[in-house]
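Summary of the model geometry
Spelled out, the chains give:
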Amino acid sequence: QVQLVESGGGLVQPGTSLRLSCAASGLAFRNYAMDWFRQAPGKEREFVATISASGSSTIYADGVKGRFHISRDNAKNTVYLQMNSLKPDDTAVYYCAADLQGVVEGPPDFGMDYWGTGTLVTVSS
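This report concerns the structure included in the present document.

Reading the values: rules and limits
Residues numbered from 1 in each chain as written. Predicted model: local features only at pLDDT ≥ 70, side-chain atom pairs only at ≥ 80, totals over all residues. Heavy atoms only, no water. Helix = DSSP H or I, 4+ residues; strand = E, 2+ residues; numbered from the N terminus. Rg over C-alpha atoms; globule rule 2.2 N^0.38 Å. Contact = heavy atoms within 4.5 Å. Areas by Shrake-Rupley, 256 points an atom, 1.4 Å probe, with all protein chains shown as cover. Phe/Tyr/Trp six-rings, centres within 6.5 Å; stacked < 30°, edge-to-face > 60°. Buried < 20%, exposed > 50% of the residue type's maximum accessible area, 1.4 Å probe, protein only. Disulfide = S-S within 2.5 Å. Pairing = 2+ DSSP bridges. Axes fitted to C-alpha atoms, helices over the stretch in contact; angles between N-to-C directions. Core = buried A, V, L, I, M, F, W, Y, C linked by side-chain atoms within 4.5 Å. Salt bridge = Lys/Arg side-chain N within 4 Å of Asp/Glu carboxyl O.

As a further point, take the overall build of the protein chain. Tallying secondary structure elements over the protein chain gives 0 helices and 11 strands in all. Each helix (α) and strand (β) of the protein chain, taken in turn from the N terminus, gives the series β-β-β-β-β-β-β-β-β-β-β. Its C-alpha atoms give the protein chain a radius of gyration of 13 Å, within 12% of the compact-globule value 14 Å for 125 residues. Viewed in the frame of its principal axes, the protein chain has a C-alpha envelope of about 40 × 30 × 25 Å. Across the protein chain, the fraction of contacts at a sequence separation of at least 24, relative to all contacts at a separation of at least 6, is 56%. With an accessible surface of roughly 6,500 Å², the protein chain has 47% of that area assigned to carbon and sulfur atoms.

Quick look at the structure:
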């Protein structure tokens, strides 16, 4: 069974950092682009970042570019999201997703093949 399990969320103060992890199992991890999405309370799910299967290319949403960094370790079947200079507007449930095609499409599933169940990040004083 395919599983994507996020971890690392929590309550943090503005200006601090968190690193989220997503551990994958049950799929050929090295063949999938990996993505992060987030959904704030009362809002639609939105794209955050993607990394190609090899890790050679990345794309970020404008609102997180320069603050967030996506990476992956194919030997560990894990994708990471380093989140720096966190803002209250970053508060959301963060989801990782796997995409064999490697192309982000439209909502609601954005062309992803598998989704994790999410980890909550709350940025507040």
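Having seen the structure, we can now continue with the description.
This part covers the packing of aromatic side chains. Applying the stated criterion across every chain yields a total of 5 aromatic pairs. Summarising the aromatic geometry, the rings of Phe37 and Phe110 are spaced 4.7 Å apart at their centres and angled 40° between planes, so their arrangement reads as tilted. Of this pair, Phe37 sits in strand S4 (residues 33–39) while Phe110 is found in the loop between strand S9 (92–99) and strand S10 (114–115), placing the two residues 73 residues apart along the sequence. There is no split in this pair, since Phe37 and Phe110 are both buried.

Attention now moves to the environment of Ala23. For Ala23, the position within the fold is in strand S3 (residues 18–25). Accessibility expressed as a relative area gives 39% for Ala23, which makes it partly exposed. It is 22 Å that separates the C-alpha atoms of Ala23 and Val64, two residues lying 41 residues apart in sequence.

Evaluation of the coordinates by the stated rule reveals 1 disulfide. For Cys22, the disulfide goes to Cys96, at an S-S distance of 1.9 Å. In this structure, the disulfide formed by Cys22 and Cys96 twists by about 50° around the S-S bond and is classed as right-handed. Of the two residues, Cys22 sits in strand S3 while Cys96 sits in strand S9, which places them 74 residues apart along the sequence. The class of Cys22 is buried, set by a relative accessible area of 0%.

The strand order across the open sheet built from 4 strands is S1-S3-S8-S7, with neighbouring strands paired in antiparallel fashion. Because the sheet does not close on itself, it has two edges, and the strands there are strand S1 (3–7) and strand S7 (68–73). When strand polarity is set aside, the average angle formed by the axes of neighbouring strands in this sheet is 15°. With 6 bridges joining them, S3 and strand S8 (residues 78–83) adopt antiparallel strand pairing. Of the residues in S8, the one forming a bridge with Leu20 is Leu81.

Okay, the nonpolar core next. Ranked by internal contacts, the top residues of the largest apolar core, which has 30 residues, are Met34, Trp36, Val79, Leu81 and Tyr94. Dropping the residues within four chain positions of it, Leu81 is found in contact with Leu18, Arg19, Leu20, Trp36, Val48, Ala49, Phe68, His69, Ile70 and Tyr94.

For the structure shown, the criterion picks out 3 salt bridges. In this structure, the salt-bridge partner of Glu46 is Arg38, at a minimum N-O distance of 2.7 Å. The partly exposed category is assigned to Glu46, whose relative accessible area is 32%. The buried category is assigned to Arg38, whose relative accessible area is 10%. Each member of the salt-bridge network shares a partner with another, and the members are Arg38, Glu46, Arg67 and Asp90.

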